[in-house]
Amino acid sequence: MLTTKLEAARSGGNSWLQQWNPEDPVFWEETGKKLAWRTLTITTVNLTLAFIIWFVVSALVVRLPNAGFKLSTTELFWLAAMPGLAGGTLRMVHTFLTPLYGTRHVVAFSTLSLLIPALGWYFAVQDPTTPYWVLLSLAFLAGLGGGNFSSFMPSTSLFFPKRLQGTALAVQAGVGNFGVSIVQFVTPWIIGFALAGSLFGEPLTATSPNGQTNSVWLQNATAIYVPFILFFGIAALVMLRSVPVRANFREQLDIFKMKHGLFMTVLYVATFGTFSGLAATFPLLIQKIYGGLPDAPDPLTYAFLGPLVGSLARIFAGPLSDRVGGARVTHWSAIGMLACAIAITFFTAPTTMGEFPYFVATMLGLFFFSGIGNASTFKQMPMIFPPRQAGGVIGWTAAIAAYGPFACGLMLGYAYDWFGSFNPFFYWAAAFYLVCLAINWWYYARSGAEKPC
């Protein structure tokens, strides 16, 4: 018999709830709803911090050369790519953590681990002679923030009934994705002045493209988030509880026997891989494509708009997917990404700044449609799989898609080195979106599909 009081459901202060059944209307209204939304709020704030640390390198790399760091184009793209390599790898680990250790401990200690890259970058960027291998290692450690997604999101899927999972997951991921925009928007402002006098270190002298010099406090880019990481990490440890859906590592491996797990992984690579990969490389793309023209734009003045648009689209598309079906929305998403990937190739070899608005517009189109697909695919998974397996598939697909910054960073960097253009990357992306469009239509979206969702 379901208890109607959470306190009665706990055992001697244990962080694990004894019972949880959000599909029962009475339990949901009397007990589940309040705790579910409180958990969503806390984990979403922590997820936002995770995305901030994961993408802080993308905001720093465009500032390092002007501040005296001697780095080649390939080295810069490697720095932008490393958080993606780490994020994807660590997400594989995070996929299995929630059923083992529970929401409370996983969210709290994962958040507190963000102090490692935050403090590491704080010290490293104060010295232009910091060895490249140190910067590369710290870029990898920034991926600790990327890993968190694959335990936070499966946890959230356990707290909500299926009818609300599209909305809940979209809200959490969409707001969490705002961390990318926050760090890219805040960084150029926060590094422009001293925090608490000289308490947080001395400035470096940076040279702008037009030859002007000014002081920059690159260390502020991560120092500002340290108190927030401490506060919300401890808040998670105090306020969160864990749903009693438990499984050992071997039991969780059953998700790899499901063919639809593979197909959903491919689809989420197309959507979130695009979002995360381009979010990490958008500043460098602006710099490399338009940086040599007269009146060249500051990359970070525009780069934050991409993640912002993608995040808003994800939040909007969650309730839409609950209403009309995830597969149908994913279908629209794939068509939109395909069109934008082709269109952008017309604006990657500019002769004047007049082409820049069109470049930004098509890039924002890619972010918009990938954001929509991020929400709709996460609606599809809970409809296709039972709760525990759905959580595992969500975590695993998120892990593979988190290699987006790594893959995009390398592919864009080498496309430019080998062909002198970024277009080969976008041609490949268009072909990949076409394959995903066919997979989604055949298995999920068409009339008579094997798993309509």
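Residues numbered from 1 in each chain as written. Predicted model: local features only at pLDDT ≥ 70, side-chain atom pairs only at ≥ 80, totals over all residues. Heavy atoms only, no water.

**Quick look at the overall build of the protein**
Across its full length, the protein carries 20 helices and two strands. The C-alpha radius of gyration computed for the protein amounts to 22 Å, which stays within 12% of the reference 22 Å derived for 453 residues, consistent with globular compactness. Principal-axis analysis of the C-alpha atoms gives the protein an extent of 75 × 55 × 35 Å. Burial statistics for the protein: of 453 residues in total, 60% are counted as buried. The contacts of the protein with a sequence gap of at least 6 include a subset with a gap of at least 24, amounting to 83%. Accessible surface computed for the protein: about 17,300 Å², of which carbon and sulfur atoms make up 67%. Each charge class in the protein was averaged separately, 24 positive and 16 negative side chains, and the resulting centres sit 10 Å apart. (Helix = DSSP H or I, 4+ residues; strand = E, 2+ residues; numbered from the N terminus. Rg over C-alpha atoms; globule rule 2.2 N^0.38 Å. Buried < 20%, exposed > 50% of the residue type's maximum accessible area, 1.4 Å probe, protein only. Contact = heavy atoms within 4.5 Å. Areas by Shrake-Rupley, 256 points an atom, 1.4 Å probe, with all protein chains shown as cover. Lys, Arg positive; Asp, Glu negative; His and termini not counted. Charge placed at Lys NZ, Arg CZ, Asp CG, Glu CD.)

**Considerations on the packing of aromatic side chains**
Scanning the model with the defined rule gives 37 aromatic pairs in all. With a centroid separation of 5.7 Å and an interplanar angle of 20°, the aromatic rings of Phe149 and Phe272 are classed as stacked. Taken together, the residues span a long stretch of sequence, with Phe149 in helix α8 (residues 149-159) and Phe272 in helix α13 (residues 259-290) at a distance of 123 residues. Consider the rings of Phe149 and Phe378, whose centres lie 5.9 Å apart with planes at 45°: the pair is tilted. You can see Phe149 sitting in helix α8 and its partner Phe378 sitting in helix α17 (residues 356-384), a full 229 residues away along the chain. We note that Phe149, like Phe378, is buried. A cation sits over an aromatic face here: Arg314 above Phe378, 5.1 Å from the ring centre. A cation sits over an aromatic face here: Arg446 above Trp441, 6.0 Å from the ring centre. (Phe/Tyr/Trp six-rings, centres within 6.5 Å; stacked < 30°, edge-to-face > 60°. Lys NZ or Arg CZ within 6 Å of the ring centre and 35° of its normal.)

**Remarks on the environment of Leu218**
With respect to the helices and strands, Leu218 occurs in the loop between β2 (213-216) and α10 (220-223). Each C-alpha atom, one on Leu218 and one on Leu64, is 8.5 Å from the other, the two residues being 154 residues apart in sequence. Apart from residues no more than four positions distant in its own chain, Leu218 is found in contact with Leu60, Arg63, Leu64, Ala67, Phe69, Val125, Ile191 and Leu204.

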